[in-house]
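Commentary on secondary and tertiary structure
Chain by chain, the residues run as shown.
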Amino acid sequence: MPSTEDSILSRLSLRQLFLLAVVVGLLIPALLASVFGYRVQRDQLVERFGHEQQRMLEIVSFGMQEPLWNLNRQSGSPLLESVMDDKRVLSVQVYDTLSGAPFLSSQRENPQAHPGAVFERPVVHRGETIGVVRIAFDTRHLDEMLERQLVSLLMIVLAQLVVSILLIMAILNSRFLRPMQQLSAQAGELAALRLEQAFEWRRQDELGAVGRHLEWARIELRRLLGELGEKTRALQEDIRHRREVEEALRRSEGKYRELFHSSLDGILICDAEGQVIDANPAFLAMTGYSAEQLRRLGFWPLLAECAEQGEARRLHEEVWVRGFCDEYETEYVDRLGRHFPVSVKAVATRDDSSGAAGVWRMVRDITSQREAKARLQLAGKVFDNTAEGILITDASGVIRSANRALTRISGYSEQEMVGRTPAMFASGQQDAAFYQQMWQQLLSEGQWQGELTNRRRSGELYPQWLVINAVHDAGGELSHFVAVCSDESERRAADERIDYLAHFDALTGLPNRTQLQERSAVVFQQGDEACAALLLLDLDRFKTVNESLGHQAGDMLLRVAADRLAGVLDAGQIVGRQGGDEFIVLLPRLASADEALGAASRIQQALASPVEIDGHPVQASASIGISLFPQDGQDFDTLVRNADAAMYHAKGSGRGQVRFYTADLNARARERLQVEAQLRQALEAGEFVLHYQPQVDMKSGRIVGVEALLRWQHPQRGLLGPLQFIDVAEDSGLIVGIGRWVLEEACAQLARWRDEGLPPVRVGVNLSALQFRQPDLVDNIADVLERYGLDAEWLDLEVTESLVMEDLPQTTALLEAMHALGVSLSIDDFGTGYSSLAYLKRLKAGTLKIDRSFVKDLPHDADDAAITRTVISMAASLNMRVVAEGVETRAQWALLAAEGCDTVQGYFCSKPVPAGDCARLLRSGSRVLDPVS
């Protein structure tokens, strides 16, 4: 807020303000000069008065020397009276210093109340102070003089001030105030824009310069106002035009917004950084986002990851450079994460500085177009790649297109067919009436189908199935015919092939079970007195051949067996393949069952000759079951089931056997199936146990090894030996899992004995044929040994002689891998098979086990003794250890010891015992017999 002084000064006129300034400016210096002059005069008067006082004191003091010295008052009185003549003296007193009393004194009669000023001076006579003169002066006349002097000075100052003011105001009025009033008036004219009258100034001082500036300002303002008027009129016109443009723009924007919101294509507006500004409803519906979600999300997350690089390249190389981008296809992602193809046109928007401000994208979902295109491409591929021939003609029947299948079927190229009519395929097998009826139906119903005979380019006739459809355009007019044809010769051949495969075995060419069943029905309907037989053959050890030599070798064996079977049968007898390694022979019109047995014998003889497969001689044999019609069954399925039971009975009798069906065989078959099911459960339920039969060194009588023997702790039948279930386990394939369990449990028991501190012994584990052929056998053995921390030398794997001889190269490689692990190998049942010294050398086995069949009749059977002696001698020559199995008497022991046998096992030493009893034997010093001397 302004101060009070500022408010007062702001209300003064310029004249008053100048007057105040002049008064203040003159009054202050005048007052200062007057005060200074007054003080100077006052000092002069006071000084003069002081001089007069001193002079008067000196006079009186000098005049009083004699009176005081002589004490003559009368001589001093005239001096006092003369002093009192001075009006300024109030009193005079002279004191004697000796008495201290007044010597002379004089004062006025009516002294004023004003005390005056008192001065004194000593009276000295001859250098001695003899008295004191004291004079009192009246100082009022001095004050009056000073007052008069002050009044005169003030009057002079006031007169000077008035004169100065008048003079200065006259000068200011003529040289400043009037020109200022004129300038103010001219400024008012300028403010009121009254610019017609010129401002004339002839003065050369500053005010004149200001006046001339005002004149220049008037002229310029007049010119500017003129120009402003013209510009105002132009501006008004521009405003009117702008309003018209804005109105047109509003109408255009309304149309744009209507187009923006109603466009079927998506429109997306983004800034240069990819921030979404706006999107129309079509784009929102396309992506599933709301406008607010898009603004938060931005543009780039809408792109599929594979499309980001291409989009960035188009922005930098085309949109920002050229201002637009030609239509391109890319891939967007909607709110649910679904990828969909789109066609996009992009246009750059510019700001006022011509820089890129954003991008408009016109987006079209081309999923349907892609699908339509894919359908067209698929239709084209179907047209070109379908197995049926397709021919397209126009309404007049001229060929316009043909697919590859038709060129293959007819032998004509498409170029040779286009422009001609389908009459080029006519074979002449159909008459004119046939074609007339075909065209009549085609034109009336729009379709015809049927079989006819056509001719290939080579002239060959072939059956063809033809379907013709009439095609109409949008106006309902006939435009094309489409014919689809297939070569029926191929179909007929395929039908014949299918029929053949339905009734005959593809591998052997023999009738299959279906064909056998149909033919058996004919045989069985010949009459009640007719007798027939059904033989079911199963090739022995076929699974071993298949697994050791491969499936191709197995297939070859089946074909050879089929040829041999067909070669030994008489006319009217039928042989077929049941499946796998089983064959069925149907013998009609038999006089007796002996004829069936004779046929089985011929079959056995035909199969007995070895079969050479890939350089390996394979000995084939078959187990045969026979069922008779009508006593064993009156239909095919019953006879097959009963023959199957007889065949399993033959296999159980030692393979290569023939057995007739008897009523009790069904019970055996059911029992066999029951055993197989129980074996599966036994493996899962842990019902198997191992017993261990010691192997005794004949020289020391000590246990040097044990053989792990499998037992089945059956929940109902008790402890079962392997003869009661091992065949079923091998035939069903369960022997592989059981064998792995035996290996695992034997190694685990050996580890437990080691941890109990028992002396180490070698544990023998039997490997079945199927287990021996498993590709992971060596890895499985190595894994078990590693898990239980066992040295491989304490594991002895026992395989039969016949097993290792079946595929010697493969067996040799497998045994070498086992040998590399460090495990030992024993050849079990030696002497029952090949017994080849050369083979034994290649196998690198460490132990030969003499089969119990050669030991049981010792020492009475000379042949068995000779065989035993030969085996022991052979093993000694190859540095192999010999173990004799089945030793039950001391005589057998003595003979084997005399021949140099190393080790024996059998009931004479110890029967197979549980692990706990075997541990006690080992703990007792491992000696079960006294050494042989």
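Anyway, here's the lowdown on the structure attached to this text. Just so you know, these numbers come straight off a predicted model, no measurement behind them.

The strands making up a sheet associate through hydrogen bonds between their backbones, and the pairing can be parallel or antiparallel. The antiparallel open sheet is built from 4 strands, whose spatial order is 2-1-4-3. The sheet is open, and its two edges are formed by strand 2 (102–107) and strand 3 (117–125), each paired on a single side. The sheet shows a mean angle of 15° between the axes of neighbouring strands, taken without regard to direction. Sheet topology places strand 1 (residues 89–96) next to strand 2; 5 bridges connect them, and they run antiparallel. Directly across from V92, in strand 2, lies its bridge partner S106.

At a minimum axis separation of 10 Å, helix 15 (residues 513–524) and helix 19 (residues 636–652) run at an interaxial angle of 110°. Taken together, the axes of helix 15 and helix 19 are roughly perpendicular relative to one another. Contacts between helix 15 and helix 19 pair R513, L516, Q517, S520 and F524 from the former with F636, D637, L639 and V640 from the latter. Looking at the contact of helix 15 with helix 19, its residues break down into 5 nonpolar, 2 polar and 2 charged.

What follows covers the pairing of strand 20 (residues 622–629). With 8 of 8 residues buried, strand 20 is to be regarded as a mostly interior element. The alternating pattern of strand 20 places A622, I624, I626 and L628 on one face and S623, G625, S627 and F629 on the opposite face, and all of these are buried. Taken together, the 8 bridges between strand 15 (residues 532–539) and strand 20 define a ladder with antiparallel strand orientation. If you follow L535 over to strand 20, its bridge partner there is I626. Note that strand 20 and strand 21 (residues 658–660) share 3 bridges and pair parallel. Considered in strand 21, the bridge of I626 is made with F660. With helix 19 bridging strand 20 and the parallel strand 21, this β-α-β connection has left-handed handedness.

Read from one edge to the other, the open sheet built from 5 strands follows the order 11-10-14-13-12, with strand pairing classed as antiparallel. In the strand order of this sheet, the two ends are held by strand 11 (399–402) and strand 12 (447–455), each with one partner. Strand-to-strand, the axes of this sheet are offset by a mean angle of 25°, without reference to chain direction. Pairing of strand 13 (residues 461–472) with strand 14 (residues 478–487) involves 9 bridges; the strand directions are antiparallel. Looking across to strand 14, one finds that L466 is bridged to C485.

Let us look at the packing of aromatic side chains. As enumerated under the stated definition, the model contains 14 aromatic pairs in all. Seen from their ring centres, F434 and Y435 are 5.4 Å apart, and the 85° between their planes marks the pair as edge-to-face. Look at Y435 and you get partly exposed, because its relative accessible area is 24%. Where F688 meets W712, the ring centres are 6.1 Å apart and the plane angle is 40°; that geometry is what we call tilted. Within this pair, whereas F688 is found in strand 22 (residues 688–697), its partner W712 is found in strand 23 (residues 703–714), the two being separated by 24 residues in sequence. The class for F688 is buried, based on a relative accessible area of 4%. In this structure, R361 packs its charged tip against the face of F299, placed 3.7 Å from the ring centre.

Quick notes on the rules
- Residues numbered from 1 in each chain as written.
- Predicted model: local features only at pLDDT ≥ 70, side-chain atom pairs only at ≥ 80, totals over all residues.
- Heavy atoms only, no water.
- Pairing = 2+ DSSP bridges.
- Helix = DSSP H or I, 4+ residues; strand = E, 2+ residues; numbered from the N terminus.
- Axes fitted to C-alpha atoms, helices over the stretch in contact; angles between N-to-C directions.
- Parallel < 35°, antiparallel > 145°, perpendicular 65-115°, else oblique.
- Contact = heavy atoms within 4.5 Å.
- Nonpolar A, V, L, I, M, F, W, Y, C, P; charged D, E, K, R; others polar.
- Buried < 20%, exposed > 50% of the residue type's maximum accessible area, 1.4 Å probe, protein only.
- Right-handed = clockwise from strand over helix to strand, strands pointing away.
- Phe/Tyr/Trp six-rings, centres within 6.5 Å; stacked < 30°, edge-to-face > 60°.
- Lys NZ or Arg CZ within 6 Å of the ring centre and 35° of its normal.

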